[in-house]
Structures are given as C-alpha cells and as structure tokens.
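# Commentary on secondary and tertiary structure
Residue strings, one per chain:
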Amino acid sequence: MRTVTADTLSREMEKLCGRANFDLPHDVIEKLKEFAGREEGVSKSILGDIIENAVIAAREKIPLCQDTGTANVFVKLGREVLIEGGNIYDAINKGVAAGYKNNYLRKSVVSDPLRRENTGDNTPANIYIDLVDGDKIEIAFLPKGGGSENASALKMLEPSAGWDGVKEFVLNAVKDKGKNACPPLVIGVGIGGDFASVGKLAKTALLRDLSSHNPDSFYSEKERELLSAVNALGIGPMGMGGETTALAVLIETAPAHIASLPAAVSIQCHCDRRKKIVI
C-alpha cells in the first residue's frame, strides 16, 4: 500500500488549475493551425487571433478566457493508494479553492441554482472518481465555461432512431446553440448508458487528444462523419462563417437498456482546456 497525503493532492490540484487555464494543449494548437490553413478572409484571421491569444496567455500566465469555468475533476484512484490526513473530495476542493484564488481566476460557482450566491472560491468541484488497479492517482482537470456548457444537450432516443437519430440530435444541438459557444468547437458525444451516465460519457470524451480516434473502427468512422457534417453547417470560427465549426468530434459509448438509446453532446469552446497529472 502506497500513502499519498491529502496536502499533496491539494497542492497538485492547485497547480493544475493554473496550468489548465493558462496553457492551451499542444494538440489543440496544432488543430487550430491545421484548420487555419484551410480558411481565408475573416475566418482565417479569427483562427490566427485565437492562436496568438494562446501564445500570450502561456507567456504571461493569464487566463485563455475570462470565463475560467466550473472545475471538472476526473480521478483514476489506484486501489493500492491510501489517502492520509483527509478525504479525497475535501483535498481536491481545497486545491481548487487555492488554485482559483492564488492564480486570480474568476470564481463562477453559485451555492444555490436559484438564490445565486457566489461561493467565492469556485468550489465545489464536479468530482468523478473511478477505482483502478495500481498505486498511482491520475487526475484530469477540465475547466468548462458557461457558454459552452449551456450549448450541451441530452436526449433519450428510441432505439429505432439508431445512428441517424443520434446524428440528427448532435447536428441540431450545434445548429441551435453552437454559435454561442465560441467556435471552433470540440464536441464530445456520449451514446448509451442511462440518463445519469450518458452526460458523463460525453464530457469524458473531451479529455481525449484531438488527433485520437475511438478504438472501435465503427465509431471512429462515425466521428469522421459527424465532424464533416458539423463543418458543412458553415457556422465557422466565432459564428462568422467558414469551414471550421468544429476541430474534432469525439465519441464514447456504454452498454444500454434494450428499450433505451441515450445520447448526449458536451460542447466545448475553442479553449479546450485540460491538464492531467499522475501522482
């Protein structure tokens, strides 16, 4: 059994909050450059501005976007790890609070959905923990802005809807609110599971490298099909038109009840902020 202190978890979480909000992942920048090479005029200029913004944010250690999001924390906790000096939830929230305060990041979480009082430190985080083999802790951090989260959607389809129904649902979600989510988008799609789990599937997809593909060739082809269909909508960078409405479509699936076909789309803006550490 390996021991990791709660204070260690908090310190690492604090660092992740800053790094994720300041440094756009390399794969996202490469995709932006790739698509910029296909655009012209205003669309090309916007993509250039987005890339320049990322360079400045990394150099100056300032947020990529003023909306530094809700804190989504995905943990793979090794069964042979003992957390000493506190529980993992409190340790993560302590780190998020310190990360947002000490890095001067905007605090966007309210304690009650209707009374709207700000918690003042961007907690509580949305924490998802999976037990895995081994003696390591992997933490993936995804700050998710309100504009992109508001563009996300979930639908309980009839099984007879099949792939065509899922595709129509995703395209309608992008057509309805995609332009408000600061495109070019990264689109996570969850298919299967149930009402409670399909949204997590879609959001988990956003942790993937943008050049990756679903390991199932059937679904990797569906990813390519959806990306082509989304970009054919012509929404373009910041909704100004063009061929680059999305940088990637990433699909994750799970077994489902015979009477159900749950589908969810988690839309992320061009600031596809995410960082991962292993302790």
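Read on for an overview of the structure.

How each quantity is defined
- Residues numbered from 1 in each chain as written.
- Predicted model: local features only at pLDDT ≥ 70, side-chain atom pairs only at ≥ 80, totals over all residues.
- Heavy atoms only, no water.
- Helix = DSSP H or I, 4+ residues; strand = E, 2+ residues; numbered from the N terminus.
- Rg over C-alpha atoms; globule rule 2.2 N^0.38 Å.
- Areas by Shrake-Rupley, 256 points an atom, 1.4 Å probe, with all protein chains shown as cover.
- Lys, Arg positive; Asp, Glu negative; His and termini not counted.
- Charge placed at Lys NZ, Arg CZ, Asp CG, Glu CD.
- Pairing = 2+ DSSP bridges.
- Axes fitted to C-alpha atoms, helices over the stretch in contact; angles between N-to-C directions.
- Phe/Tyr/Trp six-rings, centres within 6.5 Å; stacked < 30°, edge-to-face > 60°.
- Buried < 20%, exposed > 50% of the residue type's maximum accessible area, 1.4 Å probe, protein only.
- Lys NZ or Arg CZ within 6 Å of the ring centre and 35° of its normal.
- Expected span 1.5 Å × (residues − 1).
- Contact = heavy atoms within 4.5 Å.
- Salt bridge = Lys/Arg side-chain N within 4 Å of Asp/Glu carboxyl O.
- Polar contact = N/O pair within 3.5 Å; in protein donor to acceptor, adjacent residues only side chain to side chain.

## Quick notes on the overall build of the chain
Counting its secondary structure elements, the chain contains eight helices and 10 strands. In terms of overall size, the chain behaves like a compact globule, its C-alpha atoms giving a radius of gyration of 19 Å where 279 residues would be expected to give roughly 19 Å. Within the structure as shown, the chain displays about 13000 Å² of accessible surface, and the carbon and sulfur contribution to it stands at 52%. With 34 positive and 37 negative side-chain charges, the chain shows a separation of 3 Å between the mean positions of the two kinds.

## A short note on the sheet that holds strand E5 (residues 137-144)
Pairing is mixed across the open sheet formed by four strands, whose spatial order is E4-E2-E5-E10. Looking along the sheet, the strands with just one partner apiece sit at the ends: strand E4 (126-132) and strand E10 (275-278). Averaged over all pairs of adjacent strands, the angle between strand axes in this sheet comes to 15°, irrespective of strand direction. Both strand E2 (residues 70-78) and E4 contribute to a ladder of seven bridges, which runs parallel.

## Thoughts on the packing of aromatic side chains
Evaluated as defined, the whole model comprises two aromatic pairs. A ring pair is formed by phenylalanine 74 and tyrosine 128, whose centres lie 4.9 Å apart and whose planes are at 20°; its orientation type is stacked. Of this pair, phenylalanine 74 sits in strand E2 while tyrosine 128 is found in strand E4, placing the two residues 54 residues apart along the sequence. Under the relative-accessibility criterion, phenylalanine 74 is labelled buried at 9%. In this structure tyrosine 128 comes out as partly exposed when scored by relative accessible area, which is 24%. Measuring from centroid to centroid gives 4.9 Å for phenylalanine 218 and tyrosine 219, while their planes differ by 90°, and the two rings are edge-to-face. The residue whose ring lies beneath arginine 38 is phenylalanine 35, and the NZ or CZ to ring-centre distance is 4.4 Å.

## A few points about the pairing of E5
Successive residues of a regular strand alternate their side chains across the two faces of the sheet. Taken across its eight residues, E5 has seven buried, putting it largely inside the fold. Bridge count between E2 and E5: eight bridges; the pairing is antiparallel. By the bridge assignment, valine 75 is partnered in E5 with isoleucine 139. Where E5 meets E10, four bridges bridge the pair, whose relative direction is antiparallel. Its bridge partner lying in E10, isoleucine 139 is registered against isoleucine 277.

## Topic: helix H3 (residues 41-60)
For H3, spanning 20 residues, the distance from its first C-alpha to its last is 29 Å, which sits close to the expected 28 Å at 1.5 Å a residue. Buried residues along H3 sit against helix H1 (6-22) and helix H2 (26-36).

## What to know about the pattern of salt bridges
Pairs can form between side chains of opposite charge whenever their charged atoms are close. For the coordinates displayed, the defined rule picks out 23 salt bridges. With its nearest N and O atoms 3.8 Å apart, the salt bridge here joins lysine 61 to aspartate 23. Here lysine 61 is found in the loop between H3 and E2, whereas its partner aspartate 23 is found in the loop between H1 and H2, with 38 residues between them in sequence. Taking the relative accessible area as the measure of exposure, aspartate 23 reaches 18% and is therefore buried. Between glutamate 34 and lysine 31 there is a salt bridge; the shortest N-O distance is 3.6 Å.

## Some words on the side chain of asparagine 214
With respect to the helices, strands and loops of the structure, asparagine 214 is situated in the loop between helix H7 (195-205) and helix H8 (217-231). Exposure remark for asparagine 214: the relative accessible area of 9% places this residue in the buried category. Within the structure, asparagine 214 has its side chain in polar contact with the backbone nitrogen of aspartate 216 (distance 2.9 Å). Here isoleucine 251 takes part through its backbone oxygen, which lies 2.8 Å from a polar atom of the side chain of asparagine 214. Setting aside residues no more than four positions away along its own chain, asparagine 214 makes contact with Arg208, Tyr219, Ser220, Glu223, Ile251 and Glu252.

## Digging into unusual backbone geometry
Each neighbour pair has its own omega, and for threonine 123 with proline 124 the value is 5°, a cis peptide bond. Proline 183 connects to proline 184 through a cis peptide bond whose omega is 15°. You can see proline 184 is positioned in the loop between helix H6 (162-177) and strand E7 (185-193). Its identity is not glycine, yet lysine 61 carries a phi of approximately 55°, on the positive side. You will see that arginine 116, though not glycine, has its phi angle at about 60°, which is positive. Tracing the sequence through the fold places arginine 116 in the loop between helix H4 (88-102) and E4. With relative accessibility at 53%, the residue arginine 116 sits in the exposed group.

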